[in-house]
Every structure is written in structure tokens, then in C-alpha cells.
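Structural overview for review
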Amino acid sequence: MTAKTSRIVIKTFIKTALKDSDESPERCTRNLVDMALNFANGRFQQSFFEISRAMLNNENSPYYPLIEDVLKHMDKEKLIDFGLNIGYNGCTTGAHMIRKLKRTEDINVPWLLSLVIDTSLPDFITKYDSVLKQGKELGIYTYFLYTKDDPAEILPLIQNNPDCAIILLCDPSRITEELAEKSEALNNVLFAVKYDDQAEAACLVLRDHRLLYSLYHLYSEEDRDEILAGTYFRFAEEMHCPFAAVFSNVDCSIETRHAIYQKITEDRSAQQYRTIPLDLFCDTEVIGNIISSPTSVVGFGPDGTLYTPGREVFRTPYNLFDQPLKELFTKAL
């Protein structure tokens, strides 16, 4: 069975299971997890769905009302396609390609790329289309995209790559009715809304349009107590966010980063909130090491320069506009 045929079969099973979601979201969720375990043949998928099944054995899990709300208020076709792009294209087909490159050519390929896009670059859509095409040839199907400009300008790039899972990081002031309307035709994008005073209004716009969205918090040292006390995660609950992610600023101490990640893993395991806490750097690294160790968390600045975010921002002399991605990873990683 080809990868394309397998995806079609899995999608058919999911759509069939979701028909019961309005009547019994709990039973539907358990059936989906059990089905996923039958299909899962990779290390990451097996680990993820085994943990999920163990969590859902708790009948009082806050994840049940979270799932019910998501199924009622987010477009199901978008949930299916986005989920398959990450789970099947990224962590199954893509992971196999990444491991093969490591085994046969000793190249470390990250499973996810972060791209800061300068929309003023001439013909930037064509340039980044080439980057994503090269990425998919290496097994990369998941991308964080960010621009300080109007995110609507990036939508054609997302539309051109329907087999990728795109997490579009947005400042809340950029989330408008017009952007939401333009995004309704896309099934492969999740809006990551920056946590600030305007986040609530932005989430309401996205919810009204049944789009996929979550929150992210670029935290600094002074935000430590707020995060550890759970204030941010309780706000994410109120905004009906499936995920509440954090990402440390460069000024944060190692102690603060460790304390916050430990708290996130504990709260996630204890099912503390009606949202799933994530650390964008640490959890990306954990998944990458499951897929193919050692992993690298890789980003590209608006000028195309490769950098490694997270614990220390390290900028390299390598540029994605000057050489193919495969050659760049061979030299830089």
C-alpha cells in the first residue's frame, strides 16, 4: 500500500469515527486513539498514542470537555487534514525519510523548521515555495512561520503546500475578520496567537470562523511566577485553546527554563488544565530525538540565515537562499 493510499484509508476511518462525535465525544475519542494505535508503526506515534490512551482512562479528564469543545467549534475537515499532515506526513512518512538520511548519509535533518519571513523580499512566495519543496524531499512537513508584516501575505504559500502542517505565529493585532475570511479555505494552518492584552479578541475572531488556533507565550524572566502559578494556562482554557505553548526569551535563566518545563510536564501528565501545555523548544526537541537522535531545533531569520533558538541563540554563516537545504544541513548540523 502506498503512502498516499494509506493516508486516504486512515482519513476515511477518522471521518467515519467522527460521525458519532456529537452524540458521544468521549467514546469517539477513545475509538480514535485505539484506531491510531493500530495504524501507528513509528516510535513517536506509538509513544504518543499510548500516553493518550492512558490519560483518557481517567473519566474525569479535563481533556474530554476540551475535545468536545474542539469538535463542536473547530471545522472537522481542518482538524483531520492538519492532524494528518503532522501525524502521518510529518511523524510517519517524513520521519521514515529523516531516519533513512541519517542512516545512509549521516545527515541530521530536523523534523520541523521555523521560518521568519520578510514579505518585502522580491518574489518571496516563489523563494519559500522552493524551501518547503526541498524540506518535504528531506521529510520535513511541519513549519512554524512568522512575519512582522501582514500574515495574509503568507497565505498563498500555505495554500501551495496543502500536505504541510503550518503553525502561523501571529501578533493578535494582525488577526482581523479579513484575515479569518481569507483563511477559511485552508485546511493546513493553525494560528498561534501571541499572549498579550489583545489575545482575547483575536481568539474570538478565529473561533467565530471555526479556524484552528492556540496561544503561545514568549516569556521573560519576570513572567516566571505567572506561568508557574498557572495564570497563563487558565487564560488559555477560557479562550478554548487546545494548546497553550510557551517559548523562552533569551534573557531567561537556565533555572527558570528548567522550572517552567518541569511544571509543564507535571501539569500535562496530571491533566491539570482544559488545555495542553507545551514548551515549543523543549517538546520540539523531545519529538525530534524520538524520530532521529541527535536532533536540532533549527530556525531561519528573515535574511535566510540559519540559527538555533532556545537555550542560546546561535547564528551561523549558512543561508537557505545561497545553497540547497540538504547541503546546508550537511554542513551546519
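Summary of the structure given here. (Residues numbered from 1 in each chain as written. Predicted model: local features only at pLDDT ≥ 70, side-chain atom pairs only at ≥ 80, totals over all residues. Heavy atoms only, no water.)

This part takes up the packing of helix 5 (residues 76-105) against helix 6 (residues 124-138). In contact at an axis separation of 7 Å, helix 5 and helix 6 are set at 75 degrees when each is read in the N-to-C sense. By the angle between their axes, helix 5 is roughly perpendicular relative to helix 6. For the pair formed by helix 5 and helix 6, the contact residues are Met97, Ile98 and Leu101 on the first element and Lys136, Glu137 and Leu138 on the second. Each residue belonging to the contact of helix 5 with helix 6 can be placed in one class, and the counts come to 4 nonpolar, no polar and 2 charged. (Axes fitted to C-alpha atoms, helices over the stretch in contact; angles between N-to-C directions. Helix = DSSP H or I, 4+ residues; strand = E, 2+ residues; numbered from the N terminus. Parallel < 35°, antiparallel > 145°, perpendicular 65-115°, else oblique. Contact = heavy atoms within 4.5 Å. Nonpolar A, V, L, I, M, F, W, Y, C, P; charged D, E, K, R; others polar.)

Taken as a whole and judged by the stated rule, the model has 5 aromatic pairs. A centroid spacing of 5.6 Å and a plane angle of 80 degrees characterise the contact between tyrosine 128 and phenylalanine 321, whose relative ring orientation is edge-to-face. Separated by 193 residues along the polypeptide, tyrosine 128 in helix 6 and phenylalanine 321 in the loop between strand 10 (314-319) and helix 14 (325-332) bring together distant segments of the chain. On the basis of relative accessible area, tyrosine 128 is assigned to the buried category, the value being 1%. Judged by centre distance (5.2 Å) and plane angle (55 degrees), the rings of tyrosine 232 and phenylalanine 233 are tilted. For the pair tyrosine 232 and phenylalanine 233, one class covers both residues: buried. Site record: aromatic cluster; members linked through ring pairs are Tyr195, Tyr232, Phe233, Phe235 and Tyr273. (Phe/Tyr/Trp six-rings, centres within 6.5 Å; stacked < 30°, edge-to-face > 60°. Buried < 20%, exposed > 50% of the residue type's maximum accessible area, 1.4 Å probe, protein only.)

Next up on the list: a negative patch on the surface. A grouping of Glu177, Glu181, Glu184 and Asp208 is seen on the molecular surface, where their side chains present a negatively charged patch. Overall, glutamate 184 belongs to the partly exposed group, its relative accessible area being 39%. (Patch = residues over 30% accessible without salt bridge, like charges linked within 9 Å, V, L, I, M, F, W, Y side chains within 5 Å. Areas by Shrake-Rupley, 256 points an atom, 1.4 Å probe, with all protein chains shown as cover. Salt bridge = Lys/Arg side-chain N within 4 Å of Asp/Glu carboxyl O. Lys, Arg positive; Asp, Glu negative; His and termini not counted. Charge placed at Lys NZ, Arg CZ, Asp CG, Glu CD.)

The contact between helix 6 and helix 14 brings their axes to 9 Å, and the two run at 65 degrees. As far as their axial angle goes, helix 14 and helix 6 are roughly perpendicular. Facing Val131, Gln134, Gly135 and Leu138 of helix 6, the residues of helix 14 in contact are Leu325, Lys326 and Phe329. Looking at the contact of helix 6 with helix 14, its residues break down into 4 nonpolar, 2 polar and 1 charged.

Residues Leu115, Leu145, Phe191, Phe300 and Phe329 are the most contacted members of the largest nonpolar core, which totals 84 residues. Other than its neighbours up to four places away in sequence, leucine 115 contacts Tyr128, Val131, Leu132, Tyr143, Phe144, Leu145, Tyr146, Phe300 and Leu320. One finds Leu18, Leu71, Ile80 and Leu84 within the second-largest nonpolar core, a separate group that totals 8 residues. (Core = buried A, V, L, I, M, F, W, Y, C linked by side-chain atoms within 4.5 Å.)

Take the pattern of salt bridges next. This structure, assessed with the given rule, holds 12 salt bridges. With a closest N to O distance of 3.3 Å, lysine 182 and glutamate 178 form a salt bridge. With lysine 182 and glutamate 178 both in helix 8 (residues 177-183) and 4 residues apart, the pair spans about one turn of that helix.

At glycine 94, helix 5 shows its largest bend, some 40 degrees. For helix 5, the N-terminal cap is aspartate 75; the gap from its side-chain oxygen to the backbone nitrogen of glutamate 77 is 3.0 Å. Following helix 5 by one or two positions, aspartate 106 has its phi on the positive side, about 55 degrees. (Bend = angle between axes of the 7 residues up to and from the residue. Polar contact = N/O pair within 3.5 Å; in protein donor to acceptor, adjacent residues only side chain to side chain.)

Let us now look at unusual backbone geometry. Of note, the bond from serine 293 into proline 294 is cis; its omega dihedral lies within 30 degrees of zero at -5 degrees. In this structure, proline 294 sits in the loop between helix 13 (280-291) and strand 8 (298-300). Its identity as a non-glycine residue notwithstanding, aspartate 106 has a phi of 55 degrees, on the positive side. By relative accessible area, which is 58% here, aspartate 106 ends up exposed. One non-glycine residue with positive phi stands out, namely arginine 210, at about 60 degrees. Looking at the element boundaries, arginine 210 is found in the loop between helix 9 (199-208) and strand 5 (213-219).

Before going further, it helps to spend a moment on the pairing of strand 4 (residues 189-194). When you tally the buried positions in strand 4, you get 5 out of 6 residues, the bulk of the element. Bridge analysis of strand 3 (residues 165-170) against strand 4 gives 5 bridges, and the strand direction is parallel. Bridge assignment links leucine 168 to a residue of strand 4, and that residue is phenylalanine 191. Running through helix 8, the crossover from strand 3 to the neighbouring parallel element strand 4 is right-handed. Bridge analysis of strand 4 against strand 5 gives 4 bridges, and the strand direction is parallel. Its bridge partner being in strand 5, phenylalanine 191 is matched across the sheet by tyrosine 213. Crossover connection from strand 4 via helix 9 to parallel strand 5: handedness right-handed. (Pairing = 2+ DSSP bridges. Right-handed = clockwise from strand over helix to strand, strands pointing away.)

On to the pairing of strand 1 (residues 112-116). Most of strand 1 sits out of view: 4 of its 5 residues are buried. Where strand 1 lies against strand 2 (residues 142-146), 5 bridges are found, and the strand directions are parallel. Residue pairing in the sheet places leucine 112 in a bridge with threonine 142 of strand 2. Handedness of the β-α-β unit built from strand 1, helix 6 and strand 2 comes out right-handed. With 3 bridges joining them, strand 1 and strand 8 adopt parallel strand pairing. Opposite serine 114, over in strand 8, you have glycine 299 as the bridge partner.

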